[in-house]
Amino acid sequence: MKTIAIKALAAVSLAVAATAPAAAQEVAVYFGDLDITTAAGAEALNARMLNAVDTVCERPEVRDIKANLAWNACKDAAMSSALEQLAVKSARVPSVTVG
């Protein structure tokens, strides 16, 4: 079974971060049904990974600039981790953990 697990720290505002620790989350993304060597398969996997990133990185209120910066950092880190793991493991291993 080919899967990617996307892990990230939930984005929180800096004001709240001092009083409440961020919760780590992980989402598995299955791609065993996709041929990721084709454009359609790669696009489908990218859409699944973006959806998983949106799940683990909760979007803050629009007016909270600091929380939005943390949210963008969370999304970038989660997707970077997913892509790194996919590049390293997809050729050798039937599953990939992204996070």
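Look a little higher up for the structure.
Draft legend 1. A look at the overall build of the chain. Helix and strand content of the chain: three helices and three strands. Reading the chain from its N terminus to its C terminus gives the helix and strand order β-α-β-α-α-β. Counting the 99 residues in the chain, one finds 32% classified as buried. When contacts within the chain are restricted to residue pairs at least 6 apart in sequence, those whose partners lie at least 24 apart make up 54%. Of the accessible surface of the chain, which amounts to about 6000 Å², a share of 58% is contributed by carbon and sulfur atoms.

Draft legend 2. Quick peek at helix α2 (residues 39-56). The end-to-end C-alpha distance of α2, which contains 18 residues, comes to 26 Å, matching closely the 26 Å that a straight helix rising 1.5 Å per residue would cover. For α2, the set of buried residues is Gly-41, Leu-45, Met-49, Ala-52, Val-53 and Val-56. Within α2, the buried residues cover an arc of 110° as seen down the axis, which keeps them to one side. Residues of α2 that are exposed and point more than 90 degrees away from the buried face comprise Ala-39, Ala-40, Glu-43 and Asn-51.

Draft legend 3. Quick look at the packing of aromatic side chains. Applying the stated rule across the entire model yields zero aromatic pairs. Geometry around Trp-71 places Lys-75 over its ring, the cationic atom sitting 3.8 Å from the centre.

Draft legend 4. Structural view of the state of the cysteines. Summed over the entire model, instances satisfying the criterion amount to one disulfide. For Cys-57, the disulfide goes to Cys-74, at an S-S distance of 2.1 Å. Linking Cys-57 and Cys-74, the disulfide has an S-S dihedral of approximately -80° and is accordingly described as left-handed. Here Cys-74 lies in helix α3 (residues 65-89) and Cys-57 lies in the loop between α2 and α3, a separation of 17 residues in the sequence. Comparing Cys-57 with Cys-74 shows no difference in burial state: the two are buried.

Draft legend 5. Layout of the nonpolar core. Leu-45, Met-49 and Cys-57 are the most contacted members of the largest nonpolar core, which has 16 residues in total. For this core, the leading source of residues is α3, giving six residues.

Calculation rules
Each residue is numbered by its place in its chain's sequence as written, counting from 1. In keeping with the model being predicted, local features are shown solely for residues with a pLDDT of at least 70 and side-chain atom pairs are shown and tallied solely at 80 or more, while totals for entire chains, interfaces and linings include all residues. Neither water nor hydrogens contribute to the side-chain values; these are computed over all heavy atoms in the structure. In this text, helices come from DSSP runs of H or I with a minimum length of four residues, and strands from runs of E with a minimum of two, each type numbered from the N-terminal end. Whether a residue is buried, partly exposed or exposed follows from its accessible area with a 1.4 Å probe, protein chains only, as a fraction of its type maximum: under 20%, in between, or over 50%, in that order. Two residues form a contact once any of their heavy atoms are found within 4.5 Å. Using a 1.4 Å probe, the Shrake-Rupley method yields the accessible areas, and only the shown protein chains count as cover for residues. Here a helix's expected span is defined as the number of its residues, less one, multiplied by 1.5 Å. Starting at the helix axis, one direction is taken to each C-beta atom, and the arc is that of these directions. Pairs were defined over the aromatic rings of Phe, Tyr and Trp, the Trp ring being its six-membered one, requiring ring centres within 6.5 Å. Orientation was assigned from the angle between planes: stacked under 30 degrees, edge-to-face over 60, tilted for the rest. Put simply, a charge is over a ring when the Lys NZ or the Arg CZ is close to the ring centre, within 6 Å, and near the line of the ring normal, within 35 degrees. Cysteine sulfur atoms that pair up within 2.5 Å are treated as a disulfide. Remark: nonpolar core denotes a set of buried residues (Ala, Val, Leu, Ile, Met, Phe, Trp, Tyr, Cys) joined through side-chain atoms within 4.5 Å.

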